[in-house]
Amino acid sequence: MVDIIIVGFGGHGKSVADCIERTKEYKIVGYTDIKPVSSEYNYLGTDDVLQYYFEKGIRYVAIGIGYMGKERIRERLYEKLKAIGYTLPVIKDPTSIISNSAFIGEGTFIGKGAIINANSSVGKMVIINTRAVVEHECIVDDYSHISVATVLCGNVNVGKYAFVGANSVVIQGRTISENTIVPAGTTIR
């Protein structure tokens, strides 16, 4: 197993950790955050220690900060981590289903039971949450979040930094613009 650090350890960080544990591909060395939280994992310190751990030989990190207004924080962290030299792997739960013809960008999180279908493209640092469906030929741009049990029907385009709320449905061929928030339970026709 390869060592990995989780950067940020709130609720989303715990989901990321659970998926990492389930894949058995990585060993979680610990997490960074502004302060320690109740966790089975080691608190390594604030993000200021990330350079130190890179120099000690750890090359992989996963960002555990969710979306909810923090998409720009996620982007700044991604850029900081890449500047240090870290690799941000795709973290996908073993129960997710991803088409062989789908593209998934660096640092993306794919939760339990999520489906990404044929010829879809998911950018970097995207969150595809539990039971979300990204149907054929969809494009989900960088730093976006597709919430729990959301359905993107075929050929949907989701712009950069967009948030599509839980249990939403976006009918085929529609576009969600950059920086848009789609409220939970919405149907975009």
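To start, this report covers the structure provided alongside it.

What counts, and where the lines are drawn
- For every chain, the first residue of its written sequence is number 1, and the numbers climb from 1 along that sequence.
- pLDDT decides what is reported in this predicted model: residues at 70 or higher carry local features, side-chain atom pairs at 80 or more are listed and counted, and totals for whole chains, interfaces and linings draw on all residues regardless.
- Computation of side-chain values: all heavy atoms of the structure, hydrogens and water removed.
- Note on pairing: DSSP must find at least two bridges between two strands before they are called paired.
- Under the DSSP-based scheme used, a helix requires at least four consecutive residues in state H or I and a strand at least two consecutive residues in state E, with every element numbered from the N terminus.
- Here, a salt bridge means any side-chain nitrogen of Lys or Arg that lies within 4 Å of a carboxyl oxygen of Asp or Glu.
- Residue exposure (1.4 Å probe, protein chains only): buried if accessible area is under 20% of the type maximum, exposed if over 50%, otherwise partly exposed.

## Quick word on the sheet that holds strand β20 (residues 181-182)
If you trace the 6 strands from one edge of the open sheet to the other, you get β5-β8-β11-β14-β17-β20, paired in parallel fashion. Among the strands making up the open sheet, the edge pair consists of β5 (91-92) and β20. In this sheet, strand β11 (residues 127-128) lies alongside strand β8 (residues 109-110) in parallel orientation, the contact comprising 2 bridges. Counted as the bridge partner of Phe109 is Ile127 from β11.

## A word on the pattern of salt bridges
Evaluation of the coordinates by the stated rule reveals 4 salt bridges. In this structure, Lys112 and Asp18 form a salt bridge, with 2.4 Å as the shortest nitrogen-oxygen distance. Taken together, the residues Lys112 in the loop between β8 and β9 (115-116) and Asp18 in helix α1 (residues 11-23) connect sequence positions 94 residues apart. Residue classification places Lys112 among the partly exposed residues on the basis of a relative accessible area of 30%. For Asp18, a relative accessible area of 32% puts it in the partly exposed group. Between Lys112 and Asp93 there is a salt bridge whose closest N-O contact spans 3.6 Å. Placement of Lys112 in the loop between β8 and β9 and of Asp93 in the loop between β5 and β6 (97-98) is noted, with a sequence separation of 19 residues between them. Bridged by salt links that share partners, the residues Asp18, Arg22, Asp93 and Lys112 form one connected network.

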